[in-house]
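# Breakdown of the fold
The chain contents come next:
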Amino acid sequence: MILSRARAATLAGLGVLLAVLAFGSAVRIQTALALPAFAAGNPDGLLKSDTALLYYITTRIIDGGGLPPGDFRADPRVEHPETTDLPAMETVGAEFLVAWAHLLSGGRLPLYVLATIVMGVFASLAAIGVYGLAFELTGQLRWAVCAVVLFAILPANYRTIGFVLIREDGSLPFFALHLWLLARALRIRSGASIALAAVALVLALSTWHAMRFFVTIEIACVVAWFLRTGQNPLAARRAWIFPLILALGAVLVPVLHAKWFVVSLCMQMLAGLWLAAEVERRAPFGPNARRGIGIAVWLAFVAGVSALARGLAPPDDFGHVIDFAWDKLRFLGALPEDPNVLSFGTRLLWQGPFATVSFWGTLGTLVVPGVLLPVALARAAPGWLRGTGDARAQVLLAFCGASIVALFLVQRMVVLGGLVAPVAVCLLLRELRPGFPTAWVVGLGLVQSLSFATYLQDYGTRLAGWYAPQQQLELARTEHWIRENLPGDAAITADFVNSTGILVHSGNPIVLQPKYETRRSRDRIEAFLGTLFHQPLDAFARLLRERFDSRYLLIDMNLIWGARYQAGLPQSAWHPIEGTAAFELLNPNPRVYRHVPGFKLLYKSDDDTALWRLYELEAASEVPASAPASP
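Quick look at the structure, then. In this convention, every chain numbers its residues from 1, walking through the sequence in written order. Under the rules for a predicted model, residues below a pLDDT of 70 receive no local features and side-chain atom pairs below 80 are neither given nor counted, while totals for whole chains, interfaces and linings still include all residues. Calculated side-chain values reflect all of the structure's heavy atoms, with hydrogen atoms and water omitted.

What follows is about the sheet that holds strand 5 (residues 599-604). Whether two strands pair comes down to DSSP finding at least two bridges between them. Secondary structure elements follow DSSP: runs of H or I no shorter than four residues count as helices, runs of E no shorter than two count as strands, and numbering proceeds from the N terminus. In space, the 4 strands of this open sheet follow the order 3-4-6-5, with mixed pairing throughout. Looking at the sheet topology across the chains shown, the edges are occupied by strand 3 (492-493) and strand 5. Pairing analysis gives 5 bridges linking strand 4 (residues 552-556) to strand 6 (residues 612-617), with the strands arranged antiparallel. Directly across from D556, in strand 6, lies its bridge partner W612. Its contacts with the sheet place helix 25 (residues 537-547) against strand 3, strand 4, strand 5 and strand 6, and it is angled at close to 75° to strand 5. Contacts between residues were defined by any pair of non-hydrogen atoms, one from each residue, lying within 4.5 Å. Inter-axis angles, ranging from 0 to 180 degrees, are taken between N-to-C directions of lines fitted to C-alpha atoms, where helices are fitted over the stretch in contact.

Pasting the structure below:
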C-alpha cells in the first residue's frame, strides 16, 4: 500500500510536469503565431537582427543536409569582405535542432513557423530542471509540483516569445538541467552523476554567450560558501571529473576555444577549488589550519592565474561586458547624458534588454517571488553568517540574491530569477508550514496568475516597437528590390539590425552583423557609426570602398539616427553635425539626400521624407574631398 501510494504520487507529479510542459509550449507557440507580425504568411520583413542571423545559419545547415556546410568555418557573407568562422564566433546549437526538424518533416511548414514551434517546445523543457531541483532540495513531490507550477506562470520565463529563434531558448533548459544534476551529484557523489552535471553545463555554455556570466555567478556563490565555511565541493572523491569535463569542453567546442574559456574566471575559480582541496588533503595539520591553507591557496591561485591570463591571452572579446557592468554600477543604472563618458562597447550594449530594469515592465510581473523571495533570503542570512545549513540550499539562495542584484542592472537577467526563484520560494514555504497561512499563499498565486494572463494579453503591445508594421513592410519591400535589382554578390552596408534580414532574403553579403561578442565585430560597427556621424563624406566613402569593399549603402533613418548615442552624440541632439557624412545622407530635405556627392540614389521608400534610402557609391574621383567636420 505504501509503495503504491508513493508510485501514485510520483505518477501524479510527473503528470503535472507533463501538463506544465504542454502548457508552456502552447503558450509560447500560440502567442507568437497570433502576433500580427506573423500574419503575412511569409518571413519577409519579419526576420532581422539576431533572429535573422540564426535563421541564416539554420538555412546553411539545411543546405548541408543537416551537417555544417563546407564554408561553415569561413563564411564569406556575414562580415564582408572578411570570412567568418561561424561556430567560433557564435554559440551555434539551436540552429541544428531546427534544421534537423525541417529535414525530418520534409519542409511541410515554412521554416520560420517550424522554428517558432520547435523552440517553443524546447524552451519549455527548462521546467524539467526546475522540477528536479525542487524535488532534490526538498525531498517532497508536492514542493516540486509547486515550484514547476510557479515556473509556468512567471512572465520572466516567457521573455522570448515571438522572436522565432533566440539563443537563450536553447541554453536555459540545459542550465536548469545542470542545476538539478549538480544538486543531485553533491548528494550521491558518483562519477556518473558528476559527469552528467558537467556535460549539461558544457551544453548550456556552448549554446548562449550570456550563459558564461550566469555560470560565473553560480561558481562565485559556491566559492563564497567555501570561503565562509571551508566546505569545498571539489574535495569529494571523483569531484575532479567536473572541472576536467569543463576543460575538455573549453578545448573541443569551437566557440569556447575561441573565447579562451579555459582561462576564464569560471575555470580559474573551479581549478582553485580543486587545488585547494588537494593541498588540504595532504597538509599535515589540524582541520582549522588545513582550512586556512586551502583558502590561502585558492586566493593565491586565482590571483596568479588571472594575472598570467591577462598577459598571455589575446584581448578579451567580452571586455565590453566588464566595462558595461562597471559603468552600470558607476552611474547607478542611469544612462548618462554625455555618451563619451562611456566606452563604445558600453554604449553599444546599454540598450534594449540590457537597459536598466523598469519596475512595472519587469519587477511588477514577479508577484510571488517579489513578496516571498526577500523573506527567504532574510531567513537564510543567519545560516550564512554562522556557516550552517544545507550547503546546496544556501548556495541556491545566494544565487537568487545575486540574480536580484543583476536584474536591477540588466533587464535580461530576469530569466535567471525565473529559473531559480520558484525553487527558493518552495524552500521557504516548506520551512514556514504549517504556521504560514495557506490562504495567503493561494491568494498570492492567484494574483501571480492574473499578472501572467495580463502579460500575455498585452504581449503584442510589448512587441509593437520591434514588429512595427510599417518598419516590417519597408524592410520587406527593400529586401525585394535588392533581390530583383542588385547582383547577388554585391555587398550591402547597412545598420546591423536590418543587415541580417537582407542576408537571409536576398543572399547578398553584408558588412555589419548584430552579434558583437568579438572585438572585430565591435570595431567594424564603431568605424561605421563613428565615421558616419563625425567624419566628412569623403572619409565615409573611403571606409565603404576600402575597408568594407562595399558599393551599396542602405539607410533606415529611424535606426541609423536612433544609434546616434552609440556614435557619440547625446540623445538630445536634434540633427547631425554639419559637415559630416550623416548631415547629408540623413538629411530629410530631398534637395540634399537626392544629390549627395558621390552617392547615387537607387531606391527610396514612398513616405514624404524617404526614411529608407539605398545608395550606390560612385567612382572615387566623384566624391569631393571635404574639410573636417566641426566638433
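Before going further, it helps to examine unusual backbone geometry. Note the cis peptide between H80 and P81, where omega equals 5°. Looking at the element boundaries, P81 is found in the loop between strand 1 (75-79) and strand 2 (82-84). Backbone geometry places R189, a non-glycine residue, at a positive phi of 55°. Here R189 is to be found in the loop between helix 8 (167-188) and helix 9 (191-206). The classification of residues rests on relative accessible area computed with a 1.4 Å probe and restricted to protein chains. Under 20% of the type maximum is buried, over 50% is exposed, and intermediate values are partly exposed. The class of R189 is partly exposed, set by a relative accessible area of 40%.

We now examine the pairing of strand 1. Two elements, strand 1 and strand 2, share 2 bridges in a ladder whose sense is antiparallel. Its bridge partner being in strand 2, E79 is matched across the sheet by E82.

This part takes up the state of the cysteines. In this description, the term disulfide denotes a pair of cysteine sulfurs within 2.5 Å. Scanning the model with the defined rule gives 0 disulfides in all. Here C221 is not cross-linked by a disulfide; its sulfur's nearest cysteine counterpart is in C400, at 9.1 Å. Residue classification places C221 among the buried residues on the basis of a relative accessible area of 7%. Residue class for C400 comes out buried when judged on its relative accessible area of 0%.

In contact at an axis separation of 8 Å, helix 8 and helix 9 are set at 160° when each is read in the N-to-C sense. If you check the angle between helix 8 and helix 9, you find them roughly antiparallel. In the crossing of helix 8 with helix 9, the sense of the turn from one axis to the other is left-handed. The segment helix 8 lies against helix 9, with S171, F174, F175, L177, H178, L181, L182, R184, A185 and I188 engaging S193, I194, L196, A197, A200, L201, L203 and A204. Working definition: roughly parallel below 35 degrees, roughly antiparallel above 145 degrees, roughly perpendicular at 65 to 115 degrees, and oblique for all remaining angles. In a left-handed crossing the near helix is turned counterclockwise from the far helix by less than a right angle, and in a right-handed crossing that turn is clockwise.

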